[in-house]
Amino acid sequence: MGLLGGFLAGLIGVGGGVMYILVLPYVLGNMGYPDSEIVQFTIANSLVGTMFAALSGNVALIIKKEFFWKEVLIVGFFGTVISLLVLQFIVQTDWYQRDKFNVVIILLMSFIVFRTLKSNRTSDSENKEKKSTNGQLGVTGALAGSISALSGLGGGVVIIPILNLRLKQSMRKAKSISLGVIFITSMVMTISNLMAQPTVNIEGQNIGYVVWPLVLVLSFGVVIGSPYGVRIARKLSNRTISYIFVSFLGVVIIDKLIQLLF
């Protein structure tokens, strides 16, 4: 799971979270964590794996001089502030349970699939890259931070479509900015999750909502897998990367619909 999550992070710029939110609820349940807090544990551990996946991908981008420092810092600042507020006042409460989590994921993924597929009908001449303002980048960060905290996906599922479709950045630039922001926001939220007080603590396994045996396996896999994803992404067209992105979002939608309805 860690290797595949890291590979996806480098390839499509979503930090590997698409894979983690699919699998982690089942793994955590088998480890003995209660259904009443399975969403909080899923989000927390997804963010840790996402953080390491993004870190590894960012190293590869920096080495190749394809990292956009200014944009990452602006989007990352606003994303961090908003994500901490959402985490504190919504996610880490008894109100945010599995059904609400699944609805958030389904609505989010469905919207992004629609917008991404729609964008692929537009010719390259209509999608020439434009310069984004600091205000536009700040709004992007705020939206990404909210979604990251609510879903555990790292924010890439918001950053990439906004930068690529609305702000007319190339898919490769959007993916690069996404990975940089994901690392910043997921690291800060991981610190917050480590300091949280869940109702259930399994000795030797979790600190706060972070389950160490699980995240160590994830982290080892993503550090290895992410650079390979970046390398392959450089060889693919923007349209191909978009279709891969949509395919994994579709898998998440189906899984969450099944959980919600049955």
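Whatever comes next refers back to the structure up there.
Along the protein chain, the regular secondary structure elements total ten helices and two strands. Starting at the N terminus and ending at the C terminus, the protein chain contains elements arranged as α-α-α-α-α-α-α-α-β-β-α-α. Burial analysis of the protein chain (262 residues in total) assigns 54% to the buried set. Within the protein chain, contacts between residues at least 6 apart in sequence are counted, and of these 81% link residues at least 24 apart. Total accessible area computed for the protein chain in this model is approximately 11,500 Å², and 67% of it derives from carbon and sulfur atoms.

So, about the packing of aromatic side chains. Applying the stated criterion across every chain, the model contains six aromatic pairs. Aromatic ring contacts, followed pair by pair, group Y33, F41 and Y209 into a single cluster.

For the rest of this paragraph, the subject is the environment of V75. Note on placement: V75 falls in helix α4 (residues 69-91). Its relative accessible area of 0% is what places V75 among the buried residues. Sequence separation of V75 and T185 is 110 residues, and the distance between their C-alpha atoms is 9.6 Å. Setting aside chain neighbours within four positions, we find V75 in contact with L137, T140, G141, I159 and V181.

Let's shift gears to the environment of R166. Considering the arrangement of structural elements, one finds R166 in helix α7 (residues 156-166). Remark: the alpha-carbon pair of R166 and Q136, spanning 30 residues in sequence, is separated by 9.7 Å. Those residues in contact with R166, other than ones at most four positions away along the chain, are R115 and P161.

What follows deals with the packing of helix α6 (residues 134-151) against α7. Packing of α6 against α7 leaves a shortest axis separation of 8 Å and a crossing angle of 155 degrees. Considering the angle they form, α6 stands roughly antiparallel to α7. In this structure, the crossing between α6 and α7 has a hand that is right-handed. Facing α6, whose interface residues are L137, T140, L143, A144 and I147, α7 presents V157, V158, I159, I162 and L163.

Before going further, it helps to spend a moment on the environment of Y243. Mapped onto the secondary structure, Y243 falls in helix α10 (residues 238-261). For the pair Y243 and T116, spaced 127 residues apart in sequence, the C-alpha separation works out to 8.2 Å.

The contact between helix α2 (residues 17-30) and α10 brings their axes to 9 Å, and the two run at 30 degrees. By the angle class used here, α2 and α10 are roughly parallel. Considering only the axes of α2 and α10, their crossing is left-handed. Where α2 abuts α10, its residues V18, I21, L22, P25 and Y26 lie against F248, L249, V251, V252, D255, K256 and Q259.

Thresholds, definitions, all that
Residues numbered from 1 in each chain as written. Predicted model: local features only at pLDDT ≥ 70, side-chain atom pairs only at ≥ 80, totals over all residues. Heavy atoms only, no water. Helix = DSSP H or I, 4+ residues; strand = E, 2+ residues; numbered from the N terminus. Buried < 20%, exposed > 50% of the residue type's maximum accessible area, 1.4 Å probe, protein only. Contact = heavy atoms within 4.5 Å. Areas by Shrake-Rupley, 256 points an atom, 1.4 Å probe, with all protein chains shown as cover. Phe/Tyr/Trp six-rings, centres within 6.5 Å; stacked < 30°, edge-to-face > 60°. Axes fitted to C-alpha atoms, helices over the stretch in contact; angles between N-to-C directions. Parallel < 35°, antiparallel > 145°, perpendicular 65-115°, else oblique. Left-handed = near helix turned anticlockwise from the far one by under 90°.

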